[in-house]
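Here are the chains, one letter per residue:
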Amino acid sequence: MVKIEKPDNSIFVIGANIKPMQPELSREQLLEVIENLRLEVDTLKREKADLEILLDTTTAHADNIVEMLQATSLQLHESNKQLQAEIAERQRTEAALRASQLELQSLLAIVSRDKADLEIMLETATQHGDLIEELLHNQCIRDPLTGLFNRRFLGDFLERELNRSLRQQQPLGAIVFDIDHFKRFNDTFGHDAGDVVLAEVGRFLQNSICNSDIACRYGGEEFMLILPETDLETTKQRAEQLRDGIKRLKLEYLHQPLGGITVSLGVACFPEHGSTGAELIQVADVALYRAKALGRDRVVTAKCLNDLQQLIPSLPIELQKKFPF
Amino acid sequence: MEIRTQNYSIYYDKLTETAIFNGSLRLSGMEEYDPIVQLLNQVADTQPSTITLNLRELEFLNSSGINILSKFVIKVRQIGNIHMVVIGSKEVPWQGKSLKNLQRLMPSLDLVLE
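Residues numbered from 1 in each chain as written. Chains lettered and ligands numbered in written order. Predicted model: local features only at pLDDT ≥ 70, side-chain atom pairs only at ≥ 80, totals over all residues. Heavy atoms only, no water.

Draft legend 1. Local environment of the overall build of chain A. Along its length, chain A carries 8 helices and 9 strands. Burial analysis of chain A (325 residues in total) assigns 32% to the buried set. Excluding contacts between residues fewer than 6 apart, the proportion of contacts in chain A whose partners are at least 24 apart in sequence is 65%. As displayed, chain A has an accessible area near 21,400 Å², and 56% of this comes from carbon and sulfur atoms. (Helix = DSSP H or I, 4+ residues; strand = E, 2+ residues; numbered from the N terminus. Buried < 20%, exposed > 50% of the residue type's maximum accessible area, 1.4 Å probe, protein only. Contact = heavy atoms within 4.5 Å. Areas by Shrake-Rupley, 256 points an atom, 1.4 Å probe, with all protein chains shown as cover.)

Here's what the structure looks like:
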């Protein structure tokens, strides 16, 4: 063991863990040992200096990292606060949106119901309007007592059908008839009973006509049928069927039988007896007059008028002048 | 409550909770129907358990008239707790078709066509 005295009198023990040297070491050997020890000390000093630099570097690095971590942590904290604020704001917005959505849905339900109501109201008003127009139109063109077409409609219809018949070269039949002794019937049973008879005849006509035919109440107890695309012979047959059918009607008023009625009918046909509605009606009317004159309850066609002229001296002069058959 | 004119009359019988219509309603536009609307609204505002509209003797009703009936039915439906009955006649031509549409506005409405 070697003791070295330093200037400040402190004592270092160097090579404490060095095995004790043999006492017989020479001066050279001791110097060598000392040199080795000095080298060792130098090495240790360098290592110490290295370690101190390493420690400084590591400490500085660690300090940087800590600072960075602190800064990052602060940033994260700030970001977290911001995000939480945003989340809260978003939740408030979502709640407001949900409330608005509910309100809109409720409003939508009301508007949808109102729309459906308005559509039904519009449809109701339109259908009602159409129905009322139809009723009013019927009132304009139909006789209220019998439900048959009225004289105004007949005039328009007849002109249209005559034009069509002319274009298509088709015949057209016209039947005019009235109820025999209707005035006497009214005087006997009263006007209400007379109305019942007229209504019954109207119902019978409605049931008797074909699709393209029309029946109308021409005047008081006078009726008229227009039969498109029907020749004189067929029109006469139809007139006979009407005469027979009306004669068979069972009429009663207030549960009291009114007895039977008869009708007299005049028949005319386009084109042979007239080319206009007015002509055709007038000729059929003359035939009707003849049927009355011949004793009623019968059919007279315009074709027979020439022959009958001789047999009926009572034919009114004005009619003879108008229709000089 | 009653409205009586030369052409029509409407009388509300509180005892039977029935508004009885008579005659022909052919007023021009919604303004002229206002007194009738007022009468019907007064009836609805008292919130009776039942409201019956007896239209059997109402011979004619124009489009404005059917509109006020439609609106009244909607009003009664919206009030919610009133049973509504409409009585019509098969003999009056417009009633069969038009009154059935009122049921579309208020499915619980009882329509009686006599």
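Draft legend 2. Layout of the overall build of chain B. When you go through chain B residue by residue, the secondary structure sums to 4 helices and 6 strands. Listed by position from the N terminus, the elements making up chain B come as β-β-β-α-α-β-α-β-α-β. Pairs at least 24 residues apart make up 70% of the contacts formed inside chain B by residues separated by at least 6 positions. Surface summary for chain B: the accessible area is close to 5,600 Å², and the carbon and sulfur share equals 46%.

Draft legend 3. Focus on the sheet that holds strand β6 (residues 110-113) of chain B. All names here are of chain B. With mixed pairing, the 6 strands of this open sheet are ordered in space as β1-β2-β3-β4-β5-β6. At either end of the open sheet lies a strand with only one pairing partner, and these are β1 (2-4) and β6. Each strand of the sheet is rotated relative to its neighbour by a mean of 15°, with strand direction disregarded. Packing against the sheet, helix α3 (residues 63-79) makes contact with β3 (18-25), β4 (50-61) and β5 (83-88), and its axis sits at approximately 175° to β4. Contacting β4, β5 and β6, helix α4 (residues 93-105) runs over the sheet at an angle of about 150° to β4. (Pairing = 2+ DSSP bridges. Axes fitted to C-alpha atoms, helices over the stretch in contact; angles between N-to-C directions.)

Draft legend 4. Here's a closer look at the confidence of the model for chain B. Residue and element names in this part refer to chain B. Confidence along chain B averages 93 in pLDDT terms, with 100% of residues attaining 70 or more. β5 holds the highest mean pLDDT among the elements of chain B, 96, whereas helix α1 (residues 29-32) holds the lowest, 87. Predicted as a complex, the structure gets a pTM of 0.60 and an ipTM equal to 0.82. (pLDDT = per-residue confidence, 0-100.)

Draft legend 5. Quick peek at the interface of chain A and chain B. With 15 residues of chain A in contact, the opposing surface of chain B contributes 18 residues. Where chain A abuts chain B, roughly 1,500 Å² becomes buried across the two surfaces, and 62% of that area is made up of carbon and sulfur atoms. Note that A:Asp117 and B:Arg77 form a salt bridge whose closest N and O atoms lie 2.7 Å from each other. In this structure, the connection of chain A to chain B is made through 6 residue pairs in polar contact (both at pLDDT 80 or more). By residue class, the composition of the side of chain A that touches chain B is 7 nonpolar, 4 polar and 4 charged. (Buried area = accessible area lost by both parts, 1.4 Å probe. Salt bridge = Lys/Arg side-chain N within 4 Å of Asp/Glu carboxyl O. Polar contact = N/O pair within 3.5 Å; in protein donor to acceptor, adjacent residues only side chain to side chain. Nonpolar A, V, L, I, M, F, W, Y, C, P; charged D, E, K, R; others polar.)

Draft legend 6. Broad picture of the side chain of B:Thr52. Take B:Thr52: it is sitting in strand β4. When near neighbours in sequence (up to four residues on either side) are disregarded, B:Thr52 contacts B:Glu17, B:Thr18, B:Ala19, B:Val85 and B:Ile87.

Draft legend 7. Broad picture of the packing of aromatic side chains. Residues and elements named next belong to chain A. On inspection of all chains with the given rule, the structure shows 5 aromatic pairs over all chains. Centroid distance Phe153 to Phe157: 6.0 Å. Interplanar angle 25°. Geometry classified as stacked. One end of the pair is Phe153 and the other is Phe157, both in helix α2 (residues 151-168) and 4 residues apart, which spans about a single turn. By the burial criterion, Phe153 is buried, and Phe157 matches it. Put simply, the rings of Phe149, Phe153 and Phe157 pair up and form one aromatic cluster. Over the ring of Tyr218 we find Arg151, and its NZ or CZ is 4.0 Å from the ring centre. (Phe/Tyr/Trp six-rings, centres within 6.5 Å; stacked < 30°, edge-to-face > 60°. Lys NZ or Arg CZ within 6 Å of the ring centre and 35° of its normal.)

Draft legend 8. Quick look at unusual backbone geometry. Residues and elements named next belong to chain A. Looking along the chain, the bond that leaves Phe270 and enters Pro271 is cis, with omega of 10°. Structurally, the position occupied by Pro271 is in the loop between β8 (263-270) and α6 (277-293). Even without glycine at this site, Glu229 takes up a positive phi of about 55°. Relative to the helices and strands, Glu229 is located in the loop between β5 (222-228) and α5 (232-247). For Glu229, a relative accessible area of 46% puts it in the partly exposed group. Positioned with a positive phi, Asp297 is a non-glycine residue whose angle comes to about 50°. Checked against the element boundaries, Asp297 lands in the loop between α6 and β9 (299-301).

Draft legend 9. The confidence of the model for chain A, seen in detail. Residues and elements named next belong to chain A. Within chain A, residue pLDDT values average 87, and 87% of them lie at 70 or more. Within the model, the stretch residues 1-7 combines pLDDT values under 50 with 11 contacts to residues more than four positions away or in other chains. Ignoring residues within four places in sequence, the model shows residues 310-316, a span with pLDDT below 50, making 11 contacts including any to other chains.

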